[in-house]
Amino acid sequence: MPKINDSVTDCSHYRLRCVHCGADYPANPFRLQCDQPHAPSLLRTVYRTQQLTIRPHLPGIFRFLDWLPADHFLAGGGKPITYQSTHLARRLGLEQLYISFNGYWPERAANLLTGSFKELEAPSVLARVPEHHRRTLVVASAGNTGRAFAHICSSLARSLYLVIPEKNLDAIWSTSKFYPGVRLIVVSDGGDYADAIALAQQIGQLDGFFPEGGAANVARRDGMGLTVLDAVTTLGQIPAHYFQAVGSGTGGISAWEANQRLLQDGRFGNQTMQLHLAQNSPFSPMVDAWKRGSRTLVARREGVTKAQINQVSAKVLTNRSPAYAIAGGVYDALTQTGGQMYAVTNSAAVRARRLFKELEGIDISPSAGIATAALLQAAEANALKKTDCILLNITSGGTERIRQDYALHYLAPRMAFSPQEIRSGSALRHIEQQLLSV
Ligand SMILES: *Cc1c(COP(=O)(O)O)cnc(C)c1O
Ligand SMILES: [Zn+2]
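Position labels on residues start from 1 in each chain and follow its written sequence. Both sets of labels track the order of writing: A upward for chains, 1 upward for ligands. pLDDT decides what is reported in this predicted model: residues at 70 or higher carry local features, side-chain atom pairs at 80 or more are listed and counted, and totals for whole chains, interfaces and linings draw on all residues regardless. The side-chain values count all of the structure's non-hydrogen atoms but skip hydrogen atoms and water molecules.

(A) Spotlight on the sheet that holds strand 2 (residues 24–25). Spatially, the 3 strands line up as an open sheet ordered 2-1-3, and their pairing is antiparallel. Of all the strands in the sheet, the pair left with one neighbour each is strand 2 and strand 3 (43–47). Note on pairing: two strands pair once DSSP finds at least 2 bridges between them. Helix and strand labels come from DSSP, where a helix needs a run of H or I of at least four residues and a strand needs a run of E of at least two; each type is numbered from the N terminus. Relative to strand 3, strand 1 (residues 14–18) is paired through 5 bridges, and the arrangement is antiparallel. Its bridge partner lying in strand 3, Tyr-14 is registered against Tyr-47.

(B) Quick look at the site of ligand 1. One heavy atom within 4 Å of a molecule or strand is enough for the residue carrying it to be called near that molecule or strand. As a matter of local geometry, ligand 1 sits amid 18 residues, with Lys-118, Gly-247, Ser-248, Gly-251 and Thr-395 nearest to it. Take Asn-144: an N or O atom from its side chain is 2.8 Å from an oxygen atom of ligand 1. Polar contact criterion, stated in full: a pair of N or O atoms within 3.5 Å, where within protein one must be able to donate a hydrogen and the other to accept it, and residues adjacent in sequence count only if both atoms are side-chain atoms. In the model, a nitrogen atom of ligand 1 is placed 2.7 Å from a nitrogen or oxygen of the Thr-395 side chain. Areas reported here follow the Shrake-Rupley algorithm with a probe of radius 1.4 Å; residue values treat only the protein chains shown as occluding. Taking 380 Å² as the accessible area of ligand 1 by itself, protein coverage stands at 97%. Placement of ligand 1 is best described as lying within the largest cavity. Elements with a contribution of two residues or more to the shell around ligand 1: strand 12 (241–245), helix 7 (250–265) and strand 15 (389–397). Only Asp, Glu, Lys and Arg are considered charged in this grouping, and only Ala, Val, Leu, Ile, Met, Phe, Trp, Tyr, Cys and Pro are considered nonpolar; every other residue, Gly among them, is considered polar. Taken together, the residues of the shell around ligand 1 sort by class into 6 nonpolar, 11 polar and 1 charged. Residues are said to line a cavity or pocket when one of their atoms sits within 4 Å of a point; the points come from a 1 Å grid over protein atoms alone, cavities being sets where a 1.4 Å probe fits but cannot get out and pockets being open sets with protein on both sides within 12 Å along at least five of seven lines. More than half of a molecule's atoms lying within 2 Å of a cavity's or pocket's grid points is what places that molecule inside it.

(C) Quick look at the pairing of strand 5 (residues 96–105). Partly exposed residues are those whose accessible area sits between 20% and 50% of the maximum for their type, while under 20% is buried and over 50% is exposed, using a 1.4 Å probe and protein chains only. Within strand 5, 9 of the 10 residues are buried, which leaves the element mostly enclosed by the surrounding structure. Taken together, the 4 bridges between strand 4 (residues 81–84) and strand 5 define a ladder with antiparallel strand orientation. Counted as the bridge partner of Tyr-83 is Ile-99 from strand 5. Relative to strand 15, strand 5 is paired through 7 bridges, and the arrangement is parallel. Bridged to Ser-100 within strand 15 is Asn-393.

(D) Highlighting the side chain of Ser-174. Positionally, Ser-174 belongs in strand 9 (residues 173–174). Relative accessible area serves as the criterion here: at 1%, Ser-174 is assigned to the buried category. Should any heavy atoms of two residues lie within 4.5 Å, those residues are considered in contact. Contacts of Ser-174, omitting those with residues within four sequence positions, involve His-151, Ala-407, Leu-408 and His-409.

(E) Local environment of the sheet that holds strand 7 (residues 136–140). Reading across from one edge, 11-7-8-10-17 is the order of the 5 strands in this open sheet, with parallel pairing throughout. Of all strands in the sheet, those with a lone pairing partner are strand 11 (209–211) and strand 17 (415–417), marking the two edges. Adjacent strand axes in the sheet meet at a mean angle of 25°, parallel and antiparallel pairs treated alike. As paired strands, strand 10 (residues 182–187) and strand 17 are joined by 3 bridges and run parallel to one another. If you follow Ile-185 over to strand 17, its bridge partner there is Met-415. Axis definition: a line fitted to C-alpha atoms, over the contacting stretch in the case of helices. Angles run 0 to 180 degrees between N-to-C directions. Strands in contact with helix 3 (residues 144–156) are strand 7, strand 8 (160–165) and strand 10; relative to strand 8, the strand with the most contacts, it is inclined by about 155°.

(F) Fine view of the domain arrangement of the protein. Start and end points for every domain follow an automatic or database-based domain assignment. Under the domain assignment used here, the protein contains domain 1 (81–112 + 221–402) and domain 2 (136–207 + 408–438). For domain 1 and domain 2, the distance between their C-alpha centres works out to 28 Å. Of the residues lining the interface, 7 residues belong to domain 1; the matching set on domain 2 comes to 8 residues. What gets called buried area is simply the loss in accessible area from a 1.4 Å probe that two parts show on being joined, summed for both. On the domain 1 side of the interface with domain 2, the three residues burying the most area are Val-316, Arg-320 and Ile-402, jointly 47% of the side's total. Salt bridges, as used here, are contacts in which a Lys or Arg side-chain nitrogen is within 4 Å of a carboxyl oxygen on Asp or Glu. Applying the counting criterion to the domain 1 and domain 2 interface returns 1 salt bridge. A salt bridge links Arg-320 to Asp-192, with the nearest nitrogen and oxygen atoms 2.3 Å apart. The interface formed by domain 1 and domain 2 holds 1 residue pair in polar contact (both at pLDDT 80 or more) in total. When its residues are assigned to classes, the side of domain 1 that touches domain 2 shows 2 nonpolar, 3 polar and 2 charged.

(G) Geometry of the environment of Ala-75. For Ala-75, the position within the fold is in the loop between strand 3 and strand 4. Note on Ala-75: relative accessible area 10%, which makes it buried.

(H) Structural detail: the pattern of salt bridges. Applying the stated criterion across every chain yields a total of 21 salt bridges. With a shortest N-O distance of 2.6 Å, Glu-121 and Arg-220 are connected by a salt bridge. A residue pair is termed long-range when its members are at least 10 positions apart, and Glu-121 in helix 2 (residues 118–128) and Arg-220 in helix 5 (residues 218–224) qualify at 99 residues. Note on accessibility: Glu-121 and Arg-220 belong to one class, buried. Here Arg-261 ties to Asp-222 by a salt bridge, and the two come within 3.4 Å at their closest N and O atoms.

(I) Examining empty space enclosed by the protein more closely. Grid points are joined across faces, edges and corners, and a volume is the space filled by probe spheres set on the points. Inspection of the entire model under this criterion finds 3 cavities of 30 Å³ or more. The computed volume of the largest cavity comes to approximately 280 Å³. Taken together, 25 residues form the lining of the largest cavity, with Lys-118, Thr-145, Gly-247, Ser-248 and Val-316 sitting closest to its centre. Those elements giving two or more residues to the lining of the largest cavity turn out to be helix 3, helix 5, strand 12, helix 7 and strand 15. A per-class count over the lining of the largest cavity returns 8 nonpolar, 15 polar and 2 charged.

(J) View of the environment of Arg-15. Tracing the sequence through the fold places Arg-15 in strand 1. On the basis of relative accessibility, which here comes to 37%, the residue Arg-15 falls in the partly exposed class. Taking the C-alpha atoms as reference, Arg-15 lies 8.4 Å from Asn-28; in sequence the two are 13 residues apart. In this structure Arg-15 touches Asp-24, Tyr-25, Pro-26, Arg-44, Thr-45 and Val-46, once residues within four positions along its chain are discounted. In this structure the side chain of Arg-15 is engaged in a polar contact, spanning 2.5 Å, whose partner is the side chain of Asp-24.

Structure, rendered in structure tokens:
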């Protein structure tokens, strides 16, 4: 995926607005939050063009450039695809079931080569930052985000510091060779995603680095929201229901934000999509809080949380500090859309994955199995009308197909630190010394 040099936008095509207080900021690619002293709140992009013009001649996700906070566009790369389900739809008695497929499925021209919708977010985040800036991006990940960034940064020859738990090492693969400027650091001794986030935050503060920012980065959210833009521009209407598995909740928030933008556009009807968001039980902090009608996540003892996380098969959904309570986050998205949450067991997800493969003809990931199982739950409970327009987000699929069609490269870690070394600051001192010695 080579770089394209011409900047097609001057970055004044969007501004940033605080959801909580309405404060307005110019398009600074590194701004992640509001300066006003109030409760935590997301910023949102406000685009100059209210009506979306699709640019089919631009590569991958950049066909939606009007509604991406991009400084320039990047060549190559895939995009979400949307198609109407026949067999799964018939099985569930639904007439308008649409699948947003994010992954690899050559027969349907689905070409996300790291196999998940995190590959929508990575190019969007990278394109937000001017090409000639010198700072290095720092990303923490449990797997899919890291794989997407490592792959895209390699294809662009951009440097990256990636921090992941050691136990997720086998998630960092690519169909092509990794660029040497892509550096992997692992958290050893049983450390988890939360420890990886802590170390990435420390590195992100060093001179010469900048943090990706997670849910707070508008480029991440507007990249993920492209599943909805692709679906709606394909169908010509906004669906009534949206199903997705969530860990950080970012994709759910993004779907709601894309919906609001499409309402302002005006050409796709006035539907507010009901969000149906699912987690993998027994680790389901957002479901637990939502079912209690609470904006606050239930605090659990460390040991309990760890034990729950270990039982979950969709590991990418095990974020302990999701964007739930924050203004403009999951709680607000569910409230505003009349949304629902679902807790799905491992065995229900296995059944749903099998069913999807048998009926639709492609393998899907454990987390996409969680979303599909939530759809099955809703259909069985008669919560959906036969004629309702429904969008199921298959956030990851086709990784078995990728393994059949490609030889994979794995990224080797450069450094390893224990949670204790991260907490004490000795991990960071070590990294600083390494930087000084090169
Ligand atoms: C990250 C991820 C999710 C959860 O996404 P969020 O909206 O960020 O919570 C779901 N499925 C897959 C495959 C993912 O990689
Ligand atoms: Zn504010």
